Amino acid sequence: MGKRSGVKEDGVGSLKLTRPRIHTLLKFIAPYKARLILTFVLTLFSAAVGLSYPLLAKFLVDVVLTRKSVHLLVLSTIAFALILVLSFACSTLTRYLSLSTSARILMDMRLHLFRHVQTLSFQFYKKMRMGDIMSRLNSDVAEIQKVATDSALSLALSCLTIAGTAGLLAWLNWRLFIVCSFFIPFSVEGLRRCREPITGQAKAVRERNADFASVLLESLGGIKFIRSVGTEETEAAKLAGCNE
């Protein structure tokens, strides 16, 4: 990891996800294990509720409309309304738990990194710009937290939804399931090919953010001198250059 990739004395490191780093990451998650488990259970329930829509729609078309039963139509309407309310309540609670837990984990990570930065030598601060350190404390830590919690829960929900949808489709019409499955390998290959360029672009954006923060801090720190000599446009051009 170069100067932009970590907060170390020598500025050298690696981007590989090693076992010690996973262990360190789990230390931040462990205090909120109960909240994360509850969030995961609610995620499972949300996926199950979402999968009930096609079954109820099938019952509505195959039974209610065929029999032209007003009684069954009223019951189906009530069932749809209950499922909608239940889905909304479950999604709201899941989102609240996810956001609140993520915010706490994020703050713990930033506090831990800030304490670590305070112990580094003066030589480190000669090599690292303040904008790079701010980027590590703000954007990069937020990305790590997002992968550890938000992305993991989203991935679990997506996998459960896909598995449930595939199971329902295979049960309802296995021929249609085979036809739909034909396009899956092409989608996976397309995603694999797009992953590397997207990762490179994301890294470039983070580096530009670090440059932007460094120039901004330097300019605001010397704002009195800048205004006294009238170099506001020069500083603005320097800041604009960070986005090129």
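Along every chain, residues carry numbers that run from 1 in the direction the sequence is written. Under the rules for a predicted model, residues below a pLDDT of 70 receive no local features and side-chain atom pairs below 80 are neither given nor counted, while totals for whole chains, interfaces and linings still include all residues. With hydrogens and water stripped out, all remaining heavy atoms of the structure feed into the side-chain values.

Novice: I would appreciate a short explanation of the overall build of the protein in the present structure.
Specialist: Every helix listed is a DSSP run of H or I at least four residues long, and every strand listed is a run of E at least two residues long, numbered separately from the N terminus. A count of helical and extended segments in the protein gives 9 helices and 0 strands. Computed over the C-alpha atoms, the radius of gyration of the protein is 26 Å, more than 25% above the 18 Å expected from 2.2 N^0.38 for a compact globule of 244 residues. Seen along its three principal axes, the alpha-carbon backbone of the protein occupies a region of about 85 × 40 × 35 Å. Remark: exposure states derive from per-residue accessible area (1.4 Å probe, protein chains only) relative to the maximum for the residue type, with buried under 20%, exposed over 50%, and partly exposed in between. Within the span of the protein, comprising 244 residues, buried residues form 25% of the whole. Any pair of residues with heavy atoms lying within 4.5 Å of one another is described as a contacting pair. Look at the contacts in the protein between residues 6 or more apart in sequence, and 75% of them connect residues 24 or more apart. Computed by Shrake-Rupley with a 1.4 Å probe, the accessible areas treat only the displayed protein chains as cover when residues are assessed. Approximately 16,900 Å² of the protein is accessible, and the part contributed by carbon and sulfur atoms is 69%. Distance from the positive charge centre (31 side chains) to the negative charge centre (17 side chains) of the protein: 10 Å. Restricting the calculation to C-alpha atoms gives the radius of gyration, and the globule rule supplies 2.2 Å times the number of residues raised to the power 0.38. In summary, the charge assignment counts Lys and Arg as positive and Asp and Glu as negative, without counting His or the chain termini. One atom stands in for each charge, and that atom is NZ of Lys, CZ of Arg, CG of Asp or CD of Glu.

Novice: Even after reading the chapter, I still don't get the state of the cysteines, so can you show me in this structure?
Specialist: Structurally, a disulfide amounts to a covalent bond that connects the sulfur atoms of two cysteines. In this description, a disulfide is simply a cysteine sulfur pair whose atoms lie within 2.5 Å. Overall, the coordinates contain 0 disulfides when judged by the stated rule. The closest cysteine sulfur to the non-disulfide-bonded C159 is located on C90, 18 Å from its own sulfur. Cysteine C194 shares no disulfide, and the gap to the nearest cysteine sulfur, in C159, comes to 19 Å.

Novice: Explanation requested: a nonpolar patch on the surface in the structure shown.
Specialist: Only residues above 30% relative accessible area that lack a salt bridge enter a patch, with like-charged residues linked at up to 9 Å and the nonpolar side chains Val, Leu, Ile, Met, Phe, Trp and Tyr linked at up to 5 Å. In the sections that follow, a salt bridge refers to a side-chain nitrogen of Lys or Arg positioned within 4 Å of a carboxyl oxygen of Asp or Glu. A grouping of V70, V74, L75, I78 and L82 is seen on the molecular surface, where their side chains present a nonpolar patch of about 470 Å² in accessible area. Within the secondary structure layout, L75 lies in helix 3 (residues 70–118). On the basis of relative accessible area, L75 is assigned to the partly exposed category, the value being 42%.

Novice: When you look at the packing of helix 7 (residues 184–221) against helix 9 (residues 232–240) in this model, what are you seeing that I'm missing?
Specialist: Geometrically, a packed helix pair is captured by the angle between its two axes and the distance between the axes. Here an axis means a line fitted to C-alpha atoms, over the contact stretch when the element is a helix, while the angle between two N-to-C directions is reported on a 0 to 180 degree scale. Between helix 7 and helix 9, the least distance of the axes is 9 Å, while the angle of their chain directions is 165 degrees. Between helix 7 and helix 9, the angle falls in the class roughly antiparallel. Handedness of the crossing formed by helix 7 with helix 9: left-handed. Across from F212, V215, L216 and S219 in helix 7, the residues of helix 9 making contact are E235, K238 and L239. These descriptions rest on fixed angle ranges, namely under 35 degrees for roughly parallel, over 145 for roughly antiparallel, 65 to 115 for roughly perpendicular, and the rest for oblique. Handedness of each helix crossing follows the sense of rotation of the near helix against the far helix: counterclockwise by less than a right angle gives left-handed, clockwise gives right-handed.

Novice: Hey, could you run me through the pattern of salt bridges in this one?
Specialist: If you walk through the whole model with that rule in mind, you get 2 salt bridges. Note that R192 and E189 form a salt bridge whose closest N and O atoms lie 2.7 Å from each other. With R192 and E189 both in helix 7, this residue pair falls 3 residues apart, about one helical turn. Note on R192: relative accessible area 53%, which makes it exposed. The partner of E189 in a salt bridge is R193, and the shortest N-O contact between them spans 2.9 Å. Here the residue E189 and the residue R193 both occupy positions in helix 7, the gap between them amounting to 4 residues, near one helical turn. A relative accessible area of 59% places R193 in the exposed class. One network of salt bridges, with partners in common, ties together E189, R192 and R193.

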